[in-house]
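Overview (structure and organization)
Listed here are the chains, written in short residue letters.
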Amino acid sequence: MADRVTVIGWDGSPPSEPARAALGAATLVAGTRHHLALPYVPANAERIVLGSIDIAARRIAGHRGSAVVLADGDPGFFGVVRALRAPEHGLEIEVLPGVSSVARAFARAGMPWDDARVVVATGRTLRRAVNVCRAYPKVAVLTSPGAGPAELALLLTGVHRTFVICEALGTEREQVTVLTSDKVADHIWRDPNVVLVVGGATPAAAEPAGPGGTTAQRKGGWIAGRDPGFPGPVRGWALPASEYGGDVPVQIRAHQLARLGPRTGDLVWDIGAADGAVAVEAARFGAAVIAVDRDADACDWIRATGRRLGVPLHVVHGTAPQALEDLPEPDVVRLGCADPAVVAACAARRPERIVTAVALRDEAEAVSRALEEGGYDVERQLLQSVELDSEWVERERSVAFALCGTRR
């Protein structure tokens, strides 16, 4: 294998002394064409244009001498270091990082970023990256051809965000543009670029304010991205119905959330959202959520609850199934109604799971048939819960048929 492999991050500034020394001793240099054109690359060194990292790693492993791999920014942050360190290559590497493009983008915007989510948008991950932008108030997107600012903005139609688009960072062609999301698709953007997507609900403060503001404001958070617990002052999930002003038994909601399994990168539909309890709690798990209800007052209530608990929700006033036609594709769906036509419309969009709960067996059988006809295996359970008073006397009893359809 190579005697020495050094991975150097290039951020547009002159290389450090250790980087110059590594380049000066290199007998093989790998990088993109613009990296290999840098004046610091030795003229007599073998050159590899990086296409497939695996192919380049095999060539480096078979090289006798000192090898250098040039990469943009911090190569350990969504960069080549992970691929080069794969066990099958057996490479021992030294990393000399530059300033990452994400750090540079936030610096250009004058914003802190320890509370930001960072995602990579490719043709394969674009939809999930957009869902993260729906669910979080500050996201940095590392784009790629075909999954750039315009594509992000088009998939965020109906969701207001501010885009900070940073093109060709660290070069003479560097440009930073700030636009609202509805204007982004009107432009042509140069690669490479980093997009900061900002806006939406801000998590409520989890600690009481003191002199100079909250602890978080004075000292910053304690973990990058977002606290893995729920945002805001309320601990736990499947909170009492009184927290949302509704009357759906908490046991049913807990069962539905467990079957849905909402997570970061998912899009959840909550159809017939009513008090918004499932929608809000799914959002508190990090999923993007679209709540649909035909009652305008219920929609206002859901928006207010989301603001109170610090989670962004996209609320649609309309009647299903018509209101679902223009919505983006869901990963999982919760139904607050027992209409087989709505079940069929949701099944046609092929989410991974569809859950609902109904009071009557006839309704449960009709919904179950609609799920099976739509290509779903159905789990059926009868849930019963009994609420007791302080004297251990039954105060309220609820019974419901819980159905979970899993896509075949």
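What counts, and at which threshold
- Residues numbered from 1 in each chain as written.
- Predicted model: local features only at pLDDT ≥ 70, side-chain atom pairs only at ≥ 80, totals over all residues.
- Heavy atoms only, no water.
- Pairing = 2+ DSSP bridges.
- Helix = DSSP H or I, 4+ residues; strand = E, 2+ residues; numbered from the N terminus.
- Axes fitted to C-alpha atoms, helices over the stretch in contact; angles between N-to-C directions.
- Salt bridge = Lys/Arg side-chain N within 4 Å of Asp/Glu carboxyl O.
- Buried < 20%, exposed > 50% of the residue type's maximum accessible area, 1.4 Å probe, protein only.
- 1 Å grid on protein atoms, 1.4 Å probe; cavity = no way out; pocket = protein on both sides within 12 Å on 5 of 7 lines; lining within 4 Å.
- Points joined across faces, edges and corners; volume = space filled by probe spheres on them.
- Nonpolar A, V, L, I, M, F, W, Y, C, P; charged D, E, K, R; others polar.
- Phe/Tyr/Trp six-rings, centres within 6.5 Å; stacked < 30°, edge-to-face > 60°.
- Right-handed = clockwise from strand over helix to strand, strands pointing away.
- Core = buried A, V, L, I, M, F, W, Y, C linked by side-chain atoms within 4.5 Å.
- Patch = residues over 30% accessible without salt bridge, like charges linked within 9 Å, V, L, I, M, F, W, Y side chains within 5 Å.
- Areas by Shrake-Rupley, 256 points an atom, 1.4 Å probe, with all protein chains shown as cover.

Read across the open sheet, the five strands follow the order E3-E2-E4-E1-E5; overall the sheet is parallel. Two strands in the sheet have a free side with no partner beyond their single neighbour: strand E3 (46–49) and strand E5 (93–96). Each neighbouring strand pair of the sheet contributes to a mean axis angle of 20°, computed without reference to strand direction. Of the pairings in the sheet, the one linking strand E1 (residues 4–10) to strand E4 (residues 66–72) comprises seven bridges and is parallel in character.

Applying the stated criterion across every chain, the model contains 21 salt bridges. Between aspartate 331 and arginine 127 there is a salt bridge, with the nearest N and O atoms lying 2.6 Å from each other. Taken as a pair, aspartate 331 in the loop between strand E13 (314–317) and strand E14 (332–335) and arginine 127 in helix H6 (residues 126–135) lie far apart in primary sequence, 204 residues in all. As a salt-bridge pair, glutamate 394 and arginine 397 come within 2.6 Å of each other at their nearest N and O atoms. The class of arginine 397 is partly exposed, set by a relative accessible area of 43%. The network of salt bridges with shared partners includes Arg127, Arg128, Arg263, Asp266 and Asp331.

Taken as a whole, the largest pocket spans an internal volume of roughly 1100 Å³. As for the largest pocket, its lining consists of 42 residues, of which Asp72, Gly73, Phe78, Ser101 and Pro192 are closest to the centre. Those elements that place two or more of their residues in the lining of the largest pocket are helix H2 (33–36), E4, helix H4 (81–84), helix H5 (101–109) and strand E10 (193–198). Residue composition of the lining of the largest pocket, by class: 21 nonpolar, 14 polar and seven charged.

The full count for this structure, using the stated rule, is four aromatic pairs. Aromatic side chains phenylalanine 106 and tryptophan 113 sit 5.9 Å apart centroid to centroid with 5° between the ring planes, which places their arrangement in the stacked category. Judged by relative accessible area, which is 31%, tryptophan 113 ranks as partly exposed. An aromatic cluster of at least three residues, connected via ring pairs, comprises Phe77, Phe78, Phe106 and Trp113.

With that settled, consider the pairing of E14. Burial along E14 is two-sided: the face carrying Val332 and Arg334 and the face carrying Val333 and Leu335 are both buried. Where strand E11 (residues 267–271) and E14 come together, four bridges link them in parallel fashion. Bridged to aspartate 270 within E14 is arginine 334. The pairing of E14 with strand E15 (residues 353–358) spans four bridges and is parallel. Each residue of the ladder has a partner; that of valine 333, found in E15, is isoleucine 354. Remark: the E14/helix H13 (residues 340–347)/E15 crossover connection has right-handed handedness.

Turning our attention to the nonpolar core. Note that soluble globular proteins tend to have their nonpolar side chains buried in a common cluster. Judged by nonpolar contacts, the single largest core of 49 residues is most densely connected at Val141, Phe163, Trp269, Ile271 and Cys346. Per-element tally for this core: the top contributor is H6, with six residues. Counting residues in hydrophobic clusters, the runner-up holds 23 residues, among them Ala287, Cys299, Ile302 and Cys404.

Turning our eyes to something else, we now look at a nonpolar patch on the surface. A cluster of nonpolar residues, Val386, Leu388 and Trp392, forms a patch on the protein surface that exposes about 340 Å² of accessible area. Among the structural elements, tryptophan 392 can be located in the loop between strand E16 (376–388) and strand E17 (394–407). Take tryptophan 392: its relative accessible area is 71%, and that puts it in the exposed class.

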